[in-house]
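Secondary and tertiary structure notes
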Amino acid sequence: MDTVVRQYGSDELIAGLLLDSLSGLKGTASYSATWDSIAAPPGLYYVETKIVDTAGQVLTRETSLFRLLSRR
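Treat the numbers as computed from the prediction; the structure is a model and nothing was measured. (Residues numbered from 1 in each chain as written. Predicted model: local features only at pLDDT ≥ 70, side-chain atom pairs only at ≥ 80, totals over all residues. Heavy atoms only, no water.)

Located in the positive-phi region is Asp11, a residue other than glycine, with phi close to 60°. With respect to the element layout, Asp11 can be found in the loop between β1 (2-7) and β2 (13-17). With relative accessibility at 40%, the residue Asp11 sits in the partly exposed group. (Helix = DSSP H or I, 4+ residues; strand = E, 2+ residues; numbered from the N terminus. Buried < 20%, exposed > 50% of the residue type's maximum accessible area, 1.4 Å probe, protein only.)

Now the structure itself:
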């Protein structure tokens, strides 16, 4: 599993989150990742998670858009 955060519009890579292995997974599952956004400026971002098999083929890919607000 590969999860990244990118800036919306430019697709600039902002953060790569730790890779996780889901060996033996069958059926429905959920996954939570944590990103320390303290150094990122406010704006639109998206997170993309890909699940790949052992041969490197993408089995599924999900993206989600979010807005990071100012910390004032």
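Bringing the confidence of the model for the protein chain into the picture now. It should be kept in mind that the predicted coordinates are not to be read in detail where pLDDT is low. Taken residue by residue, the protein chain gives an average pLDDT of 88. The fraction at 70 or more is 97%. Taking the mean pLDDT of every element in the protein chain, the minimum, 92, falls on β2 and the maximum, 94, on strand β4 (residues 58-68). (pLDDT = per-residue confidence, 0-100.)

Let us now look at the pairing of β4. In the sheet, strand β3 (residues 43-52) pairs with β4 via 10 bridges, with the strands oriented antiparallel. When the bridges of β4 are listed, Val47 appears paired with Ser64. Counting the residues between successive antiparallel strands, the hairpin from β3 to β4 contains five residues, one of them, Gly56, with a positive phi of roughly 90°. (Pairing = 2+ DSSP bridges.)

For the rest of this paragraph, the subject is the packing of aromatic side chains. Enumeration according to the criterion identifies three aromatic pairs in this entry. Ring geometry for Tyr45 and Phe66: centres 6.0 Å apart, planes at 25°, overall stacked. Taken together, the residues Tyr45 in strand β3 and Phe66 in strand β4 connect sequence positions 21 residues apart. Exposure remark for Tyr45: the relative accessible area of 1% places this residue in the buried category. Taken together, the ring pairs connect Trp35, Tyr45 and Phe66 into an aromatic cluster. (Phe/Tyr/Trp six-rings, centres within 6.5 Å; stacked < 30°, edge-to-face > 60°.)

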